[in-house]
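Observations on the three-dimensional arrangement
Residues per chain are reported as follows:
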Amino acid sequence: MKNVLFILLIILYSFGSISAQHEEYNFIKLNKTIEKSEKILKVKYLSSKSSWDIDKKNIYTINRFLLTERISGISIDTINVTTKGGLVGREGQIVFPKMKFKKNTEYVVFLHQDSTKFKDIDVKSFQITNEKHGLFKFKNNDVLENIYYEFKTYPEFKSKIKYSKENDVNLDFSKYKKFNEISDTKHLDSSSIIIEPQIIPAGNGSTLKISNGNFGAVKGQIFFRDPDSGGEEWYELPDYQIIDWTENEINVVVPSTAGTGNIKITKPDGNTIFTPELEIPYSYITVEIDDDNLGEEILGEGVVLELIPYHVGSIVVNEFPGNHIKDGAYVFKWNNDFYNNVEAREAFIQALDVWSCETGINFIPDTSRRNKTSINYSQKDNVNVITFSNTDMSAKAYCSINFSLYSTEDNSDFFVIINELDFVFNPDLDWAYGEVPNDKHDFYSTSIHEIGHAHGFNHVINTNSIMHYASGTGENERSINDHFPIANFLMQRSTGSSIGGLLPMEYNSCYSLDIFDVKKENKIFIFPTKTKDFLHIEGGLRSIDELDIFDLRGAKINTIYNLNGSTVIDVSYLNPGLYFIKINSSESLRFIKV
């Protein structure tokens, strides 16, 4: 059997170096959101703070808003709105789909009372009704929109909503429905602007150069297309990810929350520049940490780390080995009702097998006699659960990721460890588990998407990608091919050395490539991994049968056959960017982290 080694290669520019929901939402008519809401308010976002609930089962972020106008319901000067997920000290929780707010920005929110009690904060709070369905933001002055509806003027929106709520009348809002549209500014650009590279991943610290423009000497603002809205909304790049800004050149770190599309640059004088389109084929899930959420003065003022989580192969619970991560794998229990739905269970296993056998990620169903549980929600309980929800959901499904933050003894290096995973599906949807009619929801593709989050992938803007944020009814994208190369790179990280005394993850036993026969004498050295001309391969191999080069989209660029084990290859013909190299050999190999 041939053995395979994946390597990430960075091709340098002549000027310097390069440092990666289905709509998880199900469409809900606006009338239903109005009916369930106690208050409809115009508010301005002020700040947020995360806390455990009183039982320390889930982390919530309490978002503080200032009331600017009452549309319906009793007025409150300051409103606290809870959203799922957050970071408290060195423990955190990521929940997909995510809710994000921008400071000092106005929104219209549909709210209902939240009964959650918090461990660290004593406040009365509300939840946004039907999640993103109940959150509207202003666009182009008076236009008000959310992910499905758009109102041309705020007064029109306000009068219709108020009349519908106060008179208990269901108005026809169907003409306002929209789905997965991109505004017409998407293709506006300045032809003189150059972006390098034109294809880049998001979230792994890669840097983007924007040049040949009159940007001004004073730093302004930079906005990327937001993948959580399909590019309809903008994500403002934090100041710490703007590396430098000059009259003719800007260098930035591409954040995890960036998607394919043009980039908007707003100068201090208010003038706006649009770049040509940037392609982001995939994005890593990351965790941002600073001294504020650590609760310790460690990193220094203004210092923020964006970290990619690791999977591990063991866990410690109350000083004893945990059963939900053991023997190099994450072990999942079935909720009783989910298990009894044979079609759902088999579709999920099929999706799990695709990721496990194609990428090696070691997610396995519990095969013991205690492989089922009554748990039917996500919480930190040292159980990885697969379940239908016990509460109302506006999403098709969601993945909840619990993590812990580890550091070296001197706090010089930090690591994020995934310590629990839950998959929760909406029980009220008309699911199809085999062939998918146009009026039903594709359970298999939704499972593939959520497992992709658990693997470490964020949303992208690409309707042909399994990690695109949105999907409708009918059969949806099912292939993981576009994420295969980077999935191998993530596995390479997680199967490396021990972190925090925990064992590394092991490759799933069904993984088709024989990578377990590791021999010290066959260790390979590849250098430099940042180059613009030649790449050196040295080590214990006598020969290399095939060497394949892939771009970030997974497209094969070149294949070189029958090389010596120690050789030099010319890569000067490659365009600047990031590439993967796959080495095939009949000899034993090991993965080399580069």
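Residues numbered from 1 in each chain as written. Predicted model: local features only at pLDDT ≥ 70, side-chain atom pairs only at ≥ 80, totals over all residues. Heavy atoms only, no water.

Observations regarding the overall build of the protein chain
Using the following cut-off: Numbering of helices and strands runs from the N terminus, with a helix taken as a DSSP run of H or I at least four residues long and a strand as a DSSP run of E at least two residues long. In this description, accessible areas are obtained by the Shrake-Rupley approach with a 1.4 Å probe, and a residue is regarded as covered only by the protein chains that are shown.
For the protein chain, the helix and strand inventory stands at seven helices and 39 strands. Carbon and sulfur atoms form 45% of the exposed surface of the protein chain, whose accessible area is close to 25,200 Å².

Notes on the environment of Leu-307
What counts is decided by this rule: Using a 1.4 Å probe on the protein chains alone, a residue whose accessible area is under 20% of its type maximum counts as buried, one over 50% counts as exposed, and one in between counts as partly exposed. For this analysis, residues touch if any pair of their heavy atoms sits within 4.5 Å.
Along the chain, Leu-307 falls in strand S21 (residues 305-307). Among the residues examined, Leu-307 registers a relative accessible area of 15% and is labelled buried. With 20 residues separating them in the primary sequence, Leu-307 and Val-287 have C-alpha atoms 5.2 Å apart. Beyond its immediate sequence surroundings of up to four residues, Leu-307 is in contact with Ile-285, Thr-286, Val-287, Ile-289, Leu-405, Phe-414 and Val-416.

Observations regarding the nonpolar core
Quick reminder of the rule: Definition used in this section: a nonpolar core is a set of buried Ala, Val, Leu, Ile, Met, Phe, Trp, Tyr and Cys residues joined via side-chain atoms within 4.5 Å.
Counting 69 residues, the largest nonpolar core has Tyr-330, Phe-338, Phe-348, Phe-363, Phe-423, Phe-425 and Phe-443 as the members making the most contacts within it. Per-element accounting of this core gives the leading share, eight residues, to strand S30 (residues 414-425). Counting residues in hydrophobic clusters, the runner-up holds 21 residues, among them Ile-195, Ile-200, Ala-202 and Ile-273.

Looking at the pairing of strand S16 (residues 242-245)
Rule in force here: Strands qualify as paired when DSSP identifies two bridges or more between them.
Of the pairings in the sheet, the one linking S16 to strand S17 (residues 249-253) comprises three bridges and is antiparallel in character. Each bridged residue has a counterpart across the sheet, and for Ile-242 the counterpart in S17 is Val-252. As consecutive antiparallel partners, S16 and S17 are separated by three residues.

Remarks on helix H2 (residues 154-166)
Quick reminder of the rule: Multiplying 1.5 Å by the residue count of a helix minus one yields the expected span of that helix. Here the arc refers to the set of directions running from the helix axis out to each C-beta atom. Identification of polar contacts relies on pairs of N or O atoms within 3.5 Å, with a donor-acceptor requirement for protein atoms, meaning one able to donate a hydrogen and the other able to accept it, and with residues adjacent in sequence counted only if both atoms are side-chain atoms.
Under the 1.5 Å per step criterion, the end-to-end length of H2 is 18 Å for 13 residues, consistent within 8% with the ideal 18 Å. Burial in H2 covers these residues: Tyr-154, Phe-157, Ile-161 and Ser-164. Buried residues of H2, seen end-on, are gathered within an arc of 110° and therefore sit on one face of the element. Its side-chain oxygen at 3.2 Å from the backbone nitrogen of Glu-156, Thr-153 defines the N-terminal cap of H2.

Overview of the sheet that holds S16
To be explicit about the condition: Note on method: axes are straight lines fitted to C-alpha atoms, helices fitted across the in-contact stretch only, with angles between N-to-C directions ranging 0 to 180 degrees.
Reading across from one edge, S12-S13-S17-S16 is the order of the four strands in this open sheet, with antiparallel pairing throughout. Here the strands that pair on one side only, and so sit at the sheet edges, are strand S12 (194-196) and S16. Averaged over neighbouring strand pairs, the angle between their axes works out to 15° when direction is ignored. Note: strand S13 (residues 207-211) against S17, five bridges, orientation antiparallel.

Quick notes on the state of the cysteines
Put simply, the rule reads: In this description, the term disulfide denotes a pair of cysteine sulfurs within 2.5 Å.
Counted under the stated rule, the structure contains one disulfide. The side chain of Cys-357 participates in a disulfide bridge whose partner is Cys-510; the two sulfur atoms lie 2.0 Å from each other. Taking the torsion about the sulfur-sulfur bond, which here is approximately -115°, the covalent link between Cys-357 and Cys-510 counts as left-handed. In this pair, Cys-357 is assigned in helix H5 (residues 342-359) and Cys-510 in the loop between helix H7 (484-494) and strand S33 (524-527), connecting sequence segments 153 residues apart. Its relative accessible area of 30% is what places Cys-510 among the partly exposed residues.

Brief notes about the packing of H5 against helix H6 (residues 443-455)
Relative orientation and spacing of two packed helices are given, respectively, by the angle between their axes and the distance between those axes. Note the following rule: Here is the rule for angles: anything less than 35 degrees is roughly parallel, anything more than 145 is roughly antiparallel, 65 through 115 is roughly perpendicular, and the remaining ranges are oblique. By the definition used in this description, the sense in which the near helix is turned from the far one sets the handedness, with an anticlockwise turn below a right angle giving left-handed and a clockwise turn giving right-handed. Nonpolar residues are Ala, Val, Leu, Ile, Met, Phe, Trp, Tyr, Cys and Pro. Charged residues are Asp, Glu, Lys and Arg, and all others, Gly as well, are polar.
Relative orientation of the contacting elements H5 and H6 amounts to 45°, with a least axis distance of 9 Å. By the criterion of interaxial angle, the relationship of H5 to H6 is oblique. Crossing of H5 over H6 shows right-handed handedness. Contacts from Ala-344, Ala-347, Phe-348, Gln-350, Ala-351, Leu-352, Val-354, Trp-355 and Thr-359 of H5 reach H6 at Phe-443, Tyr-444, Ser-447, Ile-448, Ile-451, Gly-452 and His-455. A class-by-class count of the residues in the contact of H5 with H6 yields 11 nonpolar, five polar and no charged.

Describing the side chain of Thr-257
Position of Thr-257 among the secondary structure elements: in the loop between S17 and strand S18 (259-266). With residues near it in sequence (within four places) discarded, Thr-257 still touches Lys-100, Arg-225, Asp-226, Pro-227 and Tyr-235.

Regarding empty space enclosed by the protein
A probe as big as a water molecule, rolled over the atoms, marks out the empty space that is left. For clarity, the threshold we go by: Using only the protein atoms, space was sampled on a 1 Å grid; points where a 1.4 Å probe fits but cannot get out form cavities, open sets with protein on both sides within 12 Å along at least five of seven lines form pockets, and lining residues are those with an atom within 4 Å of a point. Grid points are joined across faces, edges and corners, and a volume is the space filled by probe spheres set on the points.
The volume enclosed by the largest cavity comes to roughly 70 Å³. Around the largest cavity, the lining residues are Ile-285, Ile-308, Pro-309, His-311, Ile-361, Ile-418, His-455, Gly-456, Leu-490, Met-491, Arg-493 and Ser-494. At four residues, the largest contribution of residues to the lining of the largest cavity is made by H7. Partitioning the lining of the largest cavity into residue classes produces seven nonpolar, four polar and one charged.

As for the sheet that holds strand S15 (residues 234-236)
Each strand in a sheet pairs with its neighbour through backbone hydrogen bonds, running either in the same direction (parallel) or in the opposite one (antiparallel). Reading across the sheet, the four strands line up as S15-S14-S18-S19 and stay open at both edges, with antiparallel pairing between neighbours. In this open sheet, the two edge strands, each paired with only one partner strand, are S15 and strand S19 (272-274). Neighbour to neighbour, the strand axes of the sheet diverge by 30° on average, direction disregarded. Where strand S14 (residues 221-225) lies against S18, four bridges are found, and the strand directions are antiparallel. Following the sheet pairing, Phe-223 is matched in S18 by Lys-264.

Let's talk about the packing of aromatic side chains
Defined as follows: Here a Phe, Tyr or Trp ring, Trp counted by its six-membered ring, pairs with any other such ring whose centre lies within 6.5 Å, and the pair is stacked when the planes are under 30 degrees apart, edge-to-face when over 60, and tilted otherwise.
Summed over the entire model, instances satisfying the criterion amount to 35 aromatic pairs. Ring geometry for Tyr-154 against Phe-157: centres 6.4 Å apart, planes inclined by 25°, an arrangement best described as stacked. Within this pair, Tyr-154 and its partner Phe-157 are both found in helix H2, separated by three residues, close to a single helical turn. The pair formed by Tyr-154 and Phe-157 is uniform in burial state, with each residue classed as buried.

Describing the pattern of salt bridges
Two side chains with opposite charge may pair up if their charged atoms get near one another. Rules: Salt bridges are defined as contacts in which a side-chain nitrogen from Lys or Arg sits within 4 Å of a carboxyl oxygen from Asp or Glu.
Applying the stated criterion across every chain yields a total of 13 salt bridges. With its nearest N and O atoms 2.6 Å apart, the salt bridge here joins Lys-158 to Glu-69. Here Lys-158, found in helix H2, pairs with Glu-69, found in strand S3 (residues 59-72); they are 89 residues apart in sequence, far enough to count as distant. The salt bridge partner of Arg-478 is Asp-442, with a shortest N-O separation of 3.0 Å.

A closer look at the confidence of the model for the protein chain
Applied cut-off: A score between 0 and 100, pLDDT records how confident the predictor is in each residue.
Scored by pLDDT, the protein chain comes out at a mean of 83, with 85% of its residues at no less than 70. Here strand S1 (residues 3-11) stands out as the element of the protein chain with the lowest mean pLDDT, 50, in contrast to strand S25 (residues 329-335), whose mean of 97 is the highest. Scored below 50 in pLDDT, residues 10-24 makes 80 contacts in the model with residues more than four places away or belonging to other chains. Note that pLDDT drops below 50 for residues 588-594; the model gives that stretch 34 contacts with residues more than four away or on any other chain.

A word on H5
Helix length check: H5, at 18 residues, gives a terminal C-alpha distance of 26 Å against a target of 26 Å (1.5 Å per residue), a fit within 8%. Buried within H5 are the following residues: Ala-344, Arg-345, Ala-347, Phe-348, Ala-351, Leu-352, Trp-355, Ser-356 and Thr-359. Directly beyond the C-terminal end of H5, a positive phi value near 90° is found at Gly-360.

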